[in-house]
Structures are given as C-alpha cells and as structure tokens.
Amino acid sequence: MKYIIYAIFFLMAFTNTALFGHIYLVEIPTVIGLFMLLSHRDNKALVFNMLDRLVIIYAIFSFLSVVVGLDSLYESARYYRLVVVTPVLIYMVIRFGASSIQQLQKAVFLIIPGTFYQGLLLVQYYVVHGERPVGVEGTISVITLSVLIAFSLFIMLFNFPKKLKLMMNMLRYSIIAMLFIMLVISGARAGMLGFVMMVVAIYIGWQRKSRRVWIGRLMLSAISVLLILIISGSILFKDVKVEDAHDRGVSVDRLFDIDMYLWDIRGRVAFWGRIANQALEHPLLGSGAASHDIGKTGGTEFSLGSAHNILVSTLRTSGVLGLAILLALIGAFYRVFKVIDNDRLTPCVLGKSVLGAASVLLMVAITNDFSGGRVFIWFLLLAMAARILNELPRMAMTGVEQVNDKNIANKLLVKRSTSVVHLRT
C-alpha cells in the first residue's frame, strides 16, 4: 500500500494529464489502492472524524447535481466523475491507506520532481519568448502548476523535522530559490501572493495556537466578504458584458501592475455577479452538473469552461445547499490546526505544509475555480488533514490521551501526580 500512496503523490504533479484522452494518470494507482483497502486494516485510521463525514455527504449530495442535469446526462456524468468520484477516491485511499503520518511526510516530497521538471519548461519558454508561459507543451495548466510549485515550496521550507547538514541545506535552499523563480515566471497572481502571505502567516502565527486559529478565521472572513460582493454583483452587474482579457495578461509584469489588479477585480466581480444572478434562478439545488460549463452565458465575448470562482461554480451547479457543504469542508479543514501541538513534531511539520498549500489553493480557487485538476489536490490535502487529526490525542473519542514521545509523557505524569497530591491534601 505504501507504494500506491507514493505513486499518487508522484502523479499529482501531472494531475490533469490523461491517457487516451480519458484515463487520468492519478486514477490508475487510486483504483488499485481502493481494491487494496478492502484487505487493509488500521484501527486508528478507521475512526471517522468530521472531515470524513463531510466528504461522504459531499459525494452523496453532489449526485443530486447529476439528477438535476439529466437532460445533459453525458456532461453531468463527466463532471461528477472528475469533480466528485475521482477526488473522493483519492481522499479515501490517502486517508485510510496511509499507515502513518510519517509515511505521508515522506510521500509529499514525491510531488516535487514532476513539479520541478515542468517548472523548468516554464523557465525555458520565458527565456525564449519573453512572456508569461501559457499552454507550454509538456506541462499541465499554468494555474495548477503554480499551486504545485507553492506546495513544493512549503514542503522544502517546513517539512524537515531535523536540522540538515551544510551541503544538504545548500541544496535545499538552491531548490527553494529555483522554485520561487518558477512561481514568479508562472505569472499566477493568486498563487504568488497567496504563497508570500502564507509564509509570513505561518512563521508569525504557528507557534501559538491562538495566533494559528486566526489564519483560518481570516480565510473564512475573506470568503464571506467575497460572497457578499458576489451577491451584490448579481444585482449590480447582471447586464454588464465582460471583455476578453487575454491581451492584457501575457506579461509576467501583471504580478506588479496595480492598475491591472484593479481592472481585473472589477471585471471578475461583474462576471461572477452575472453568473450568480443566473444561479439564483435555481437557488436550492442549483442548475445541475452540466451547468458548470459557462460558454458565453456569463455575458462574455468568449467561451469559458467554468465560472472562475469555486463559490460561484458550486452555487450554479449545486445551489445554496452545495455551497454550504463546501464552506463546512473549508471550516472543518481549518479546525484541524487548532489542536496540533507544537511538541508533536511530525504533525507540526507536515501540518505547516498542508495548511500553506491548501490556503494558496483556496485563494486560487476563488479566482480560477477547482478546474485543471486542482480539485484532486484539494481532496489530497483534505485527506492529509483528516489523517493528521486521527493521529492526535483524542480525549473526546477515547477518554485516554495517547502520547508517543517519552519526554511529553513524563511531563504529563508529573502534572498528574502533582494534581493527585493536591487532591489528597
């Protein structure tokens, strides 16, 4: 099972690469891993938590989107497979197949080789053409690749439980420097800004749980504000048409162009508002899975495959109930990091990488959706968070605190013996 886990992580760098145009590479080890789970037993892993339950609710409820879109059965079924079935299976294999979080801590490094190779292709394209790489042969979506590069950077920054020797540290920081250059060259603004903000937030906030909690609160607050803007935009911009922005987005300078940021925000809010206005025509269950493909119905002069915003896409396909499930998943994900102890080394170092990568992915998702294979990465990160949660002491579930580290155990014994003395006196 270990090698199946490793294969999934390695192929995550090629997340939307398909064989024969239909079978995604990551689906091959996922299906094999699913059959192996039938004979796999790990009592600690099999204890269900809130994330597990929400993922199951998501899978079942999302089937309603297929039922609602029965008039376009092929498109609905295709959407369900790519956005629900495959991601949920990835979640199940990683969540229940990994023997320990130490195994996951090693597995995440396998994302880096494929990501680094594709990043080099971006650099080559930029050197030759002098513009932002888009549609480079041999690479996946540039937006998805920016998320993977950010994920790789978090792994290289935080996922080392022990201090490295001088030569290894030099190699490590050389890789970090190269990955950061690749991220800049990708021209992905959400990925770049998200990475910088999360590095600062983790360095400042991780050591204290009270500060760490604010990372999740700020993310949820930002999403809430965006939802208010989208709902407002559905009224204010319902008749506004959106121009094609391609010619203004080919330069890497877009990362530092404030005017373009402002122009882009206005255009996106208008576009999202128009799509949200249409989505609210079927508010409860949405318009069905087939409505994910926007085409030109969003008031644009060009065709689009999605609403470029996971909140709007979910509202359109699954309605208010689907959006509520998505927000519950995000909230449950961030609650995991409230209970990670800094004394517990492996959950701590892996947790930083997972928290940073998922936050960047969400920032990308609210501007570019979960398309391009990003939904696979999202469920991989959810599975890792759920596995971390089940590895931690669970007083509420067992009534007994599980401690592996002898020093921590000794401290706890001293505290307990002291409390007994006080009770007797």
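Criteria and cut-off values
Residues numbered from 1 in each chain as written. Predicted model: local features only at pLDDT ≥ 70, side-chain atom pairs only at ≥ 80, totals over all residues. Heavy atoms only, no water. Helix = DSSP H or I, 4+ residues; strand = E, 2+ residues; numbered from the N terminus. Buried < 20%, exposed > 50% of the residue type's maximum accessible area, 1.4 Å probe, protein only. Contact = heavy atoms within 4.5 Å. Areas by Shrake-Rupley, 256 points an atom, 1.4 Å probe, with all protein chains shown as cover. Patch = residues over 30% accessible without salt bridge, like charges linked within 9 Å, V, L, I, M, F, W, Y side chains within 5 Å. Salt bridge = Lys/Arg side-chain N within 4 Å of Asp/Glu carboxyl O. Core = buried A, V, L, I, M, F, W, Y, C linked by side-chain atoms within 4.5 Å. Phe/Tyr/Trp six-rings, centres within 6.5 Å; stacked < 30°, edge-to-face > 60°. Lys NZ or Arg CZ within 6 Å of the ring centre and 35° of its normal. Expected span 1.5 Å × (residues − 1). 1 Å grid on protein atoms, 1.4 Å probe; cavity = no way out; pocket = protein on both sides within 12 Å on 5 of 7 lines; lining within 4 Å. Points joined across faces, edges and corners; volume = space filled by probe spheres on them. pLDDT = per-residue confidence, 0-100.

### Quick look at the overall build of the protein
Now for step 1: Helix and strand counts for the protein come out as 16 helices and 2 strands.
Now for step 2: Out of the 425 residues in the protein, the part that is buried amounts to 53%.
Now for step 3: Intrachain contacts of the protein at a sequence separation of at least 6 include 78% that bridge at least 24 residues.
Now for step 4: Accessible area of the protein: about 20100 Å², with a carbon and sulfur share of 65%.

### Let's talk about a nonpolar patch on the surface
Now for step 1: A cluster of nonpolar side chains, contributed by Phe63, Leu64, Val67, Val68, Leu70, Leu73, Leu284, Leu285 and Leu321, occupies part of the molecular surface with about 750 Å² of accessible area.
Now for step 2: Along the chain, Leu321 turns up in helix α12 (residues 310–335).

### Focus on the pattern of salt bridges
Now for step 1: The final tally for this structure, using the stated rule, is 2 salt bridges.
Now for step 2: Measuring nitrogen to oxygen at the nearest pair gives 2.9 Å for the salt bridge that ties Arg95 to Asp52. Residue Arg95 is found in helix α4 (residues 73–97), and its partner Asp52 is found in helix α3 (residues 50–68); the two are separated by 43 residues along the sequence.
Now for step 3: For Asp52, a relative accessible area of 1% translates into the label buried.

### Quick look at the nonpolar core
Now for step 1: Counting 128 residues, the largest nonpolar core has Phe9, Ile94, Phe154, Leu311, Leu380 and Met384 as its most contacted members.
Now for step 2: With sequence-adjacent residues up to four places away left out, Phe154 is seen in contact with Asn159, Phe195, Met198, Val199, Ile202, Ser353, Gly356, Ala357 and Val360.

### So, the packing of aromatic side chains
One pair of aromatic rings is described through two measures. These are the centre distance and the angle between the planes.
Now for step 1: Enumeration over the complete set of coordinates arrives at 16 aromatic pairs.
Now for step 2: Both rings, one in Phe154 and one in Phe195, keep their centres 5.2 Å apart while their planes meet at 55°; by these two values the pair is tilted. In this pair, Phe154 sits in helix α7 (residues 142–158) while Phe195 sits in helix α9 (residues 189–205), placing the two residues 41 residues apart along the sequence.
Now for step 3: Judged by its relative accessible area of 0%, Phe154 is buried.
Now for step 4: Their ring planes at 25° and their centres at 5.7 Å tell us that Phe370 and Trp378 sit as a pair that is stacked. The pair Phe370 / Trp378 is uniform in exposure class, with both members buried.
Now for step 5: Pairwise contacts between aromatic rings join Trp206, Phe333, Tyr334, Phe337, Phe370 and Trp378 into one cluster.
Now for step 6: In this structure, Arg212 is placed above the aromatic ring of Trp206, and the distance from its NZ or CZ to the ring centre is 4.2 Å.

### A few points about helix α14 (residues 374–391)
Now for step 1: In this model, α14 (18 residues) spans 26 Å end to end at C-alpha, consistent with the 26 Å of a helix rising 1.5 Å per residue.
Now for step 2: Across the 18 residues that make up α14, a large majority, 18, are buried.

### Quick look at the layout of surface pockets
Now for step 1: By volume, the second largest pocket is sized at about 650 Å³.
Now for step 2: In this structure, the second largest pocket is lined by 36 residues; those nearest its centre are Tyr79, Leu82, Val83, His292 and Ser371.
Now for step 3: Mapped onto the lining of the second largest pocket, the elements with two or more residues apiece are α3, α4, α12 and α14.
Now for step 4: The leading source of residues in the lining of the second largest pocket is α12, at 9 residues.

### Section: unusual backbone geometry
Now for step 1: With a phi angle near 70°, Asp369 is a residue other than glycine that sits in the positive phi range.
Now for step 2: Locating Asp369 in the fold gives a position in the loop between α13 (345–368) and α14.

### A look at the confidence of the model for the protein
Now for step 1: Considering every residue of the protein, the mean pLDDT works out to 80; 78% of them sit at 70 or more.
Now for step 2: Long-range and interchain partners of residues 244–248, a stretch whose pLDDT sits below 50, account for 4 contacts in this model, where long-range means more than four residues apart.
Now for step 3: Low pLDDT (under 50) marks residues 394–425, which in the prediction has 18 contacts with non-local residues, meaning those over four places away or in another chain.

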